[in-house]
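Chain by chain, the residues run as shown.
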Amino acid sequence: ETILPIYTLEENFRNTNQVVEYCNSRLPIQMLKIGVDMEPVCEYKNIHEAINVTNSVLERPVFIVKDDYSAADLKLLLVDTPINGFEIYTVKSAKGLEFKEVFVFDYQMTSNEKYISYTRALAKLNVIKELPEKANRKETLILQGVEQEESVTLDNAE
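Conventions and cut-offs
Residues numbered from 1 in each chain as written. Predicted model: local features only at pLDDT ≥ 70, side-chain atom pairs only at ≥ 80, totals over all residues. Heavy atoms only, no water. Helix = DSSP H or I, 4+ residues; strand = E, 2+ residues; numbered from the N terminus. Buried < 20%, exposed > 50% of the residue type's maximum accessible area, 1.4 Å probe, protein only. Pairing = 2+ DSSP bridges. Right-handed = clockwise from strand over helix to strand, strands pointing away. Phe/Tyr/Trp six-rings, centres within 6.5 Å; stacked < 30°, edge-to-face > 60°.

S.K.: Even after reading the chapter, I still don't get unusual backbone geometry, so can you show me in this structure?
M.R.: Glycine aside, the phi torsion of most residues is negative, and most peptide linkages are trans. Backbone geometry places Arg60, a non-glycine residue, at a positive phi of 50 degrees. In this structure, Arg60 sits in the loop between helix H2 (47-53) and strand E4 (62-65). What makes Arg60 partly exposed here is its relative accessible area of 42%.

S.K.: How should I be thinking about the pairing of strand E5 (residues 86-90) in this particular structure?
M.R.: Among the five residues of E5, five are classified as buried, and the element is accordingly described as predominantly covered. Of the two faces of E5, both are covered, the one formed by Phe86, Ile88 and Thr90 as well as the one formed by Glu87 and Tyr89. In terms of strand pairing, E4 meets E5 through four bridges, oriented parallel. Counted as the bridge partner of Val65 is Thr90 from E5. Once the chain exits E4 it traverses helix H3 (residues 68-78) before rejoining the sheet at E5, and the crossover so formed is right-handed.

S.K.: Would you take a moment to explain the packing of aromatic side chains for this structure?
M.R.: In this description, an aromatic ring pair is defined by two values, namely the gap between the centres and the angle between the planes. Tallied over the full model, the rule gives five aromatic pairs. Geometrically, the ring pair formed by Tyr22 and Tyr118 is edge-to-face, given 5.2 Å between the ring centres and 70 degrees between the ring planes. Here Tyr22 is found in helix H1 (residues 17-26), whereas its partner Tyr118 is found in helix H5 (residues 111-118), with 96 residues between them in sequence. Considered together, Tyr22 and Tyr118 belong to a single accessibility category, that of buried residues. Between Phe63 and Phe86 the ring centres are 6.3 Å apart and the planes differ by 65 degrees, which places this aromatic pair in the edge-to-face class. On the criterion of sequence distance, the pair formed by Phe63 in strand E4 and Phe86 in strand E5 is long-range, its members being 23 residues apart. The pair formed by Phe63 and Phe86 is uniform in burial state, with each residue classed as buried. Here the aromatic residues Phe63, Phe86, Phe103 and Phe105 are joined through ring pairs into a cluster of three or more.

Written as C-alpha cells, this is what we have:
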C-alpha cells in the first residue's frame, strides 16, 4: 500500500491581503498574506444596500451563490433591480475560476463554501448577507453533479 504525502498550503498568491485577512478573521483557516494591498472587503446586508453603496454592482457583476436553488432565488430577486446583465455561479461552478471583483451571497454557506467563494476575487470582494427565498423549491430544477453549462448569463430583458 502506497502512502501519499499530505501537503498543507498556507500561502495565498491569488488574493489581495484584504481578502486573506477577511478569510482568516471569519473562517477556521490561517493563510499567509503574500498578495498586494487593494480595496477593503465590503459587507452588505442585502442587494439593495449594495446597489445604494457601489456602482460596480450595476454593470455585468459576477455573483456567487450556494447552489442552484440560490441561483434561482437570485435571478428572481434581480428582476426588480437596475442591474444591467450579470453572471451567476454556484460555489461548485466557480471552483478554479478567478474574477477581478465578485459579489458573494454567503447565506447558508458552509465554511468551505465561503472559502471557495471568497477566494475567487482577485482584487475586490463584496459579501452580501441576505438572499431571500423567492423561487418555488418544487419547480426549481436541480442539476447538481450533471455536466452542463456552468454559468448562467442573464440580462434584465429576459
